[in-house]
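So the chains spell out like this:
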Amino acid sequence: MKITIENKDAMSVIRLADTSVILAQRLAEMCSNGLTLEEDIALSNISLDLFGRADELYKIAARIEGNKFTPDEYVFHRNEREYYNIKLVEQPNHDFAWVIARQLLHDIYAKELFTQLSTSSNHEVAGLSQKVLKEIKYSYMHSHDWTNRLGLGTAESNERMQRALDHLMKYVDELFNFDELDKKFIPDPEKLKAVWFSEVDKILGESNLKRNAVAPPSMRDFREGFHSEHMGHLLSIMQFLPRAYPDAKW
Amino acid sequence: MVTQKEFGHLWELLSEIPDPEIPVINLVELGVIRHIEEKPDQDKIIVTITPTYTGCPAKKLFQDLILEKLASKGYHNVEIISQLFPVWSTDWLTDETKEKLLKEGISPPTIGDKIVQCPKCKSTDTKMVSAFGSTPCQSLYTCNICSEPFNYFKCY
């Protein structure tokens, strides 16, 4: 099956959907691996929100495309190079600090992005954005709180959180390399960038953490379907069942 | 909760469907069912619903339960439309519905999650244990007065 995405608005929506589903999958890997029962439930709940968000976004994209494909087909039948998520969210759950740092950097991005999209001229995108902002509020509360705790906790927790941030920051540059599609779809891209940096700096500052200058990896942009080495492994697990057993039903 | 005078018999029928996770309230009270339209000339019913939480595992189940309920009364030609506008909110829950939740041991949503009441001793001296609970719509709380652990229905 060859999945095609013709319409430019559909492509912009697919980028959001891909970022949601890949982060959802990463967080789902934490289910039953949380450090406490409450934390396990929290991460699984945030994962569920992201899967739900992705599902609604794929449906919107599918409608723009004339319902040629279903959300499941977009998710399970595209290869690595046909995915358009930001590389930040495909980074692995190396340790709990990575999970939290990745979530914080994503939540701040998602919060401003969906705030802007809640006034989108596409009514479905606007309606969904208003809805997901309520969910992002809870996720952000969680990642913000843990960033404070890890940053201000012990020397060990601070060091590990800093290490996670230093790794993940490498994947931030591409977020703001806006292309023509972004400039058409996102109401104010430059504000998205400005808000992201000021909010990240504020939270890291209050947590005794730093935004160190890091060299971005020599990789091409997620908008062209380029990924880090982790993406293929993630997909191989996520897509195995529907590809091995194409008619499998829940 | 929506009030629509037309097709009262269908609204009544769909009021018999309990929420799969919180059976004490039904899908009409929850505000999931937005609009019902009967087209006798086409022998067809159109039901418009809106999702509560995007990741709610009951989302698909809602549709199945509606189809099942209508089929049980002989309505087989049913179309379900899912719409995102207006955005579902816990503000739509009536005081009566909130009272039902409290009786069931679930603290009902309050604006900005500010005042959370213990369903057992009714004290508002309570604390959040975890923002995330047993379902996507609930948080875990505990009462500082009677130590009761309970679920709080998040304000959305």
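The notes below deal with the structure included here.

About the criteria used
- Residues numbered from 1 in each chain as written.
- Chains lettered and ligands numbered in written order.
- Predicted model: local features only at pLDDT ≥ 70, side-chain atom pairs only at ≥ 80, totals over all residues.
- Heavy atoms only, no water.
- 1 Å grid on protein atoms, 1.4 Å probe; cavity = no way out; pocket = protein on both sides within 12 Å on 5 of 7 lines; lining within 4 Å.
- Points joined across faces, edges and corners; volume = space filled by probe spheres on them.
- Helix = DSSP H or I, 4+ residues; strand = E, 2+ residues; numbered from the N terminus.
- Nonpolar A, V, L, I, M, F, W, Y, C, P; charged D, E, K, R; others polar.
- Pairing = 2+ DSSP bridges.
- Polar contact = N/O pair within 3.5 Å; in protein donor to acceptor, adjacent residues only side chain to side chain.
- Contact = heavy atoms within 4.5 Å.
- Axes fitted to C-alpha atoms, helices over the stretch in contact; angles between N-to-C directions.
- Salt bridge = Lys/Arg side-chain N within 4 Å of Asp/Glu carboxyl O.
- Domains from an automatic or database assignment.

Computed from the structure, the second largest pocket encloses a volume of approximately 260 Å³. As for the second largest pocket, its lining consists of 15 residues, of which A:Glu39, A:Trp146, A:Arg149, B:Val129 and B:Ser130 are closest to the centre. Counting residues per element, the ones that place at least two in the lining of the second largest pocket are helix H2 (37-64) and helix H5 (123-152) of chain A together with strand S5 (126-130) of chain B. Per element, the largest residue contribution to the lining of the second largest pocket is 5 residues, and it comes from H5(A). For the lining of the second largest pocket, a count of residues per class yields 8 nonpolar, 3 polar and 4 charged.

Before going further, it helps to spend a moment on the sheet that holds strand S4 (residues 106-107) of chain B. The mixed open sheet is built from 4 strands, whose spatial order is S4-S7-S6-S5 (chain B). Since the sheet does not close on itself, it has two edges, and those belong to S4 and S5 of chain B, each with one partner.

What follows covers the side chain of A:Gln91. Residues and elements named next belong to chain A. With respect to the helices, strands and loops of the structure, Gln91 is situated in the loop between helix H3 (71-76) and helix H4 (96-117). Only 3.2 Å separates the side chain of Gln91 from the side chain of His167, close enough to count as a polar contact. Among all residues touching Gln91, those that are not within four sequence positions of it are Arg26, Arg102, His167, Leu168, Tyr171, Ser228 and His230.

Quick look at the pairing of strand S1 (residues 33-39) of chain B now. Note: S1(B) against strand S2 (residues 44-49) of chain B, 6 bridges, orientation antiparallel. Looking at the pairing, B:Ile33 lines up with B:Ile49 of S2(B).

With that out of the way, let us pick up the sheet that holds S1(B). All names here are of chain B. Pairing in this open sheet of 3 strands is mixed, and the strands run S1-S2-S3 from one edge to the other. Each edge of the open sheet carries a strand with a single partner, namely S1 and strand S3 (78-82). In this sheet, neighbouring strand axes are inclined to one another by 15 degrees on average, regardless of whether the strands run parallel or antiparallel.

Under the criterion given, the structure shown has 26 salt bridges over all chains. The network of salt bridges with shared partners includes A:Arg15, A:Asp179, A:Asp182, A:Asp221 and A:Arg223.

A separate point is empty space enclosed by the protein. Going through the model one piece at a time under the given rule, you end up with 3 cavities of 30 Å³ or more. Taken as a whole, the largest cavity encloses approximately 200 Å³ of empty space. Lining the largest cavity are 18 residues; nearest its centre among them are A:Arg15, A:Leu16, A:Thr19, A:Tyr109 and A:Leu113. Looking at the lining of the largest cavity, the elements with two or more residues in it are helix H1 (8-28), H4 and helix H7 (180-185) of chain A. What lines the second largest cavity is a set of 14 residues, among which B:Asp19, B:Thr52, B:Tyr53, B:Cys56 and B:Cys137 lie closest to the centre. The class makeup of the residues in the lining of the second largest cavity is 10 nonpolar, 2 polar and 2 charged. Here the lining of the second largest cavity spans two domains, since at least three of its residues come from each of domain 1 (8-88) and domain 2 (95-153) of chain B.

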